[in-house]
Amino acid sequence: MNRSLYDFTKSEEGYERYADGLTPEIVRAISAKKSEPEWMLEMRLKALETYHEMEMPANWGPSIDGLDLNNISTFVSPKAKQARDWNDVPDDIKDTFERLGIPQAERESLAGVGAQYDSEIVYHNMREEVAKYGVVYTTIEDALLDPEWEPVVREYFGTLIPMLDHKFAALHYAVWSGGSFVYVPKGVTVEYPLQSYFRLNAQGAGQFEHTLIIVDEGADLHFIEGCSAPKYYDANLHAGAVELFVKDGARLRYSTIENWSKNMFNLNTKRARVASDARMEWVSGSFGSHVSYLYPTTILKGDRSTCDFTGITFAGATQDLDTGCKVVLSGADTTASVETKSISKDGGLNTFRSSIVVGRHAERARATVSCQSLMLDDISRSDTIPAMDVRCATAQVGHEATIGRISDDTILYLMSRGCSEAEARSMVVNGFANPVSKELPLEYAVEMNNLIKLEMEGAIG
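Numbers given for residues are sequential positions, taken from 1 along each chain in its written order. Predicted model: local features are reported for residues with pLDDT of at least 70 only, side-chain atom pairs are reported and counted for 80 or more only, and whole-chain, interface and lining totals are derived from all residues. Side-chain metrics in this entry use all non-hydrogen atoms of the structure; hydrogen atoms and water are not considered.

(A) Structural view of the side chain of Asp-220. Within the secondary structure, Asp-220 sits in strand S10 (residues 220-228). Each residue is placed in one exposure class: buried if its accessible area under a 1.4 Å probe, protein chains only, is under 20% of its type's maximum, exposed if it is over 50%, and partly exposed if it falls in between. By relative accessible area, Asp-220 is classed as buried at 19%. Here a polar contact means two N or O atoms within 3.5 Å. Within protein one must be a hydrogen donor candidate and the other an acceptor candidate, and residues neighboring in sequence count only if both atoms are side-chain atoms. Engagement of the side chain of Asp-220 in a polar contact is seen with the side chain of Arg-251, the distance being 2.8 Å. With residues near it in sequence (within four places) discarded, Asp-220 still touches Val-184, Val-188, Thr-189, Val-190, Val-215 and Arg-251. A helix here means a DSSP run of H or I that spans at least four residues, while a strand means a run of E at least two residues long, and both kinds are numbered starting from the N terminus. The contact rule is simple, with two residues in contact once any of their heavy atoms fall within 4.5 Å.

Written as structure tokens, this is what we have:
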């Protein structure tokens, strides 16, 4: 394995690239390009106004001083029409995704695939046997132009993550582009996962995709999101948004492998609302990026709803990753289980934040949080910052955190069995990460293990 699998770049010759910075003219140009309804343009302009009025977050997390929006282009288009046949995708873009294994994954294990390149969706397709059950998997832009689905988008879009949530949420709503819309009808189980893959190729650019998923009553879906970007020396920005609605008795598993390069500021926002007897499962792998702020939030609104969160973060040299999750337990007999692991190496900084909020009416709610950190040297750092707000006397909430290092005896034993020291350390780290990788489909578990191997070799730049 070597980093060139992810670090290759393509020429931007012939691309449409909007001016750096953030102005009403740019926002109007993005909206016009997509032929959006008037309400969406109004929302964008309101978000732009909100963005300029809001202050940057103070005294929270790692510094983002290296991020200058005046040097970020918020829209870069490869000038490729969206294709539903892989053969119709332009050769340079096709080569990018083929090298990342996207078409092969589609053929072997996926019910549908969406591929975004910079600011635009370039490929979208779904198996006919899935579509015949009424499953909708398309782009947000196409859903907005569809008379059947435009009212649905309008009803849900921006309701879970309001633009006032934080400054970069407002930025997102001003310049969002690309992303997926998924609707699974009542009682339908999608046997194979759907996947969206986001590739940011342009230098000094931002990616602002919006994902909206609605899993109706009694339905079941596994959705996979993959991300990557090549290495540049100019800052890049990722400020996407994910809104997930899980209706009564439904189940949604949302798996993510984020593999940004170390010039990336990853300021993504993800949130789910879960109805009665429904289940939300998160599987999250965070690799790469210079700075990350990432805290997926689950609102257990309905009685007997459940959240399981499993995550791993790997911070190497020059990385400051501030990640975690938040669960709000509002309904009675709700349960939440959070299990995270972090690995720090070569001076990398890992901060895990958990927030458990139990409402007054969440009778007999139960929540457990477990955070395990592995330190691979004496110059890295790992912090755990738990927060618990419990307002119901019958609730049970627990938290545990451990920080450890690799035992010299363990390394010596593995070396005595024929492993080199580097192989021994990689084996221990992979074993530490196994509870996360086993929750992924085989192809993605292999990718995550390969990313860990690259990190251990110091090959990710």
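(B) Examining empty space enclosed by the protein more closely. Using a grid of 1 Å spacing that covers the protein atoms alone, one calls a set of points a cavity when a 1.4 Å probe fits there but cannot get out, and a pocket when the set is open and has protein on both sides within 12 Å along at least five of seven lines; lining residues are those with an atom within 4 Å of a point. Grid points are joined across faces, edges and corners, and a volume is the space filled by probe spheres set on the points. Counted by the stated rule, this structure contains two cavities of 30 Å³ or more. When its volume is computed, the largest cavity comes out at roughly 150 Å³. Around the largest cavity, the lining is made up of 17 residues, and of these Thr-313, Thr-323, Gly-324, Thr-340 and Phe-352 lie nearest the centre. Going through the elements one at a time, strand S16 (279-288), strand S19 (306-315), strand S20 (320-329), strand S21 (335-344) and strand S22 (349-358) are the ones with two or more residues in the lining of the largest cavity.

(C) Fine view of the environment of Leu-349. Within the secondary structure layout, Leu-349 lies in strand S22. Linking Leu-349 and Ala-315, residues 34 residues apart in sequence, is a C-alpha distance of 6.0 Å. Leaving out residues up to four positions away in the same chain, Leu-349 has contacts with Ala-315, Gln-319, Asp-320, Leu-321 and Arg-381.

(D) Structural context of the confidence of the model for the chain. Predicted confidence across the chain gives a mean pLDDT of 83, with 77% of residues reaching 70 or more. Within the model, pLDDT remains below 50 along residues 1-12, and this stretch shows 46 contacts once partners closer than five positions in the same chain are excluded. Confidence of the predictor at the level of single residues is given by pLDDT, which spans 0 to 100.

(E) Examining the nonpolar core more closely. As used in this record, nonpolar core signifies buried Ala, Val, Leu, Ile, Met, Phe, Trp, Tyr and Cys residues forming a set joined through side-chain atoms within 4.5 Å. If you look at the biggest cluster of nonpolar residues, it comprises 49 residues, and the most contacted ones within it are Leu-67, Leu-69, Val-153, Leu-171, Val-175, Phe-181 and Leu-237. The dominant element in this core, judged by the number of residues it contributes, is helix H9 (residues 167-175), at seven residues. Sequence-distant contacts of Leu-171, that is, excluding residues within four places in its chain, are made with Leu-22, Tyr-51, Leu-69, Phe-208 and Leu-237. Ranked by size, the runner-up nonpolar core spans 42 residues in total, among them Val-215, Val-274, Trp-282 and Cys-371.

(F) How the structure looks around the pattern of salt bridges. We define a salt bridge as a contact between a side-chain nitrogen of Lys or Arg and a carboxyl oxygen of Asp or Glu at a distance within 4 Å. By the definition in use, this model includes 16 salt bridges. Arg-251 serves as the salt-bridge partner of Glu-281, at 3.1 Å between the closest nitrogen and oxygen. Of this pair, Glu-281 sits in strand S16 while Arg-251 sits in strand S13 (residues 251-260); the two residues are 30 residues apart in sequence, bridging distant segments of the chain. The structure contains a network of salt bridges with shared partners spanning Asp-220, Arg-251, Arg-253, Arg-279, Glu-281 and Asp-308.

(G) Structural context of the environment of Arg-381. Tracing the sequence through the fold places Arg-381 in strand S24 (residues 381-390). Separated by 35 residues in sequence, Arg-381 and Asp-346 place their C-alpha atoms 9.6 Å apart. For Arg-381, the residues in contact, after removing those within four places along its chain, are Ser-344, Gly-348, Leu-349, Asn-350 and Met-375.

(H) Summary view of the side chain of Asn-350. Positionally, Asn-350 belongs in strand S22. Judged by its relative accessible area of 2%, Asn-350 is buried. A polar contact is formed between the side chain of Asn-350 and the backbone oxygen of Ile-343, at a distance of 2.9 Å. Not counting chain neighbours up to four residues away, the residues in contact with Asn-350 comprise Thr-313, Phe-314, Ala-315, Leu-321, Ser-342, Ile-343, Ser-344, Arg-381, Ser-382 and Asp-383.

(I) Region of interest: unusual backbone geometry. The phi dihedral of Thr-318 falls on the positive side, at around 70 degrees, and the residue is not glycine. Tracing the backbone shows Thr-318 in the loop between S19 and S20. The residue Asp-346 is not glycine, and still its phi comes out positive at about 55 degrees. Position of Asp-346 among the secondary structure elements: in the loop between S21 and S22. The class for Asp-346 is partly exposed, based on a relative accessible area of 39%.

(J) The packing of aromatic side chains, seen in detail. Any Phe, Tyr or Trp ring, taking Trp's six-membered ring, that has another such ring centre within 6.5 Å forms a pair; planes under 30 degrees apart are called stacked, those over 60 apart edge-to-face, and the others tilted. Tallied over the full model, the rule gives eight aromatic pairs. For the ring pair Phe-157 and Trp-176, a centre distance of 5.4 Å and an interplane angle of 50 degrees mean the geometry is tilted. Of this pair, Phe-157 sits in the loop between helix H8 (150-156) and H9 while Trp-176 is found in the loop between H9 and strand S6 (180-184), placing the two residues 19 residues apart along the sequence. Taken individually, Phe-157 and Trp-176 each receive the classification buried, so the pair is uniform in this respect. With a centroid separation of 5.6 Å and 20 degrees between ring planes, the pair formed by Phe-223 and Tyr-254 is classed as stacked. One end of the pair, Phe-223, is in strand S10; the other, Tyr-254, is in strand S13, and 31 residues separate them in sequence. With respect to class, Phe-223 is no different from Tyr-254; both count as buried. An aromatic cluster of at least three residues, connected via ring pairs, comprises Tyr-137, Phe-223, Tyr-254 and Trp-282. Lysine NZ or arginine CZ positioned within 6 Å of the ring centre and within 35 degrees of the ring normal marks a charge as sitting over the ring. Directly above the aromatic system of Tyr-51 lies the positively charged group of Lys-167, at a separation of 4.0 Å from the ring centroid.

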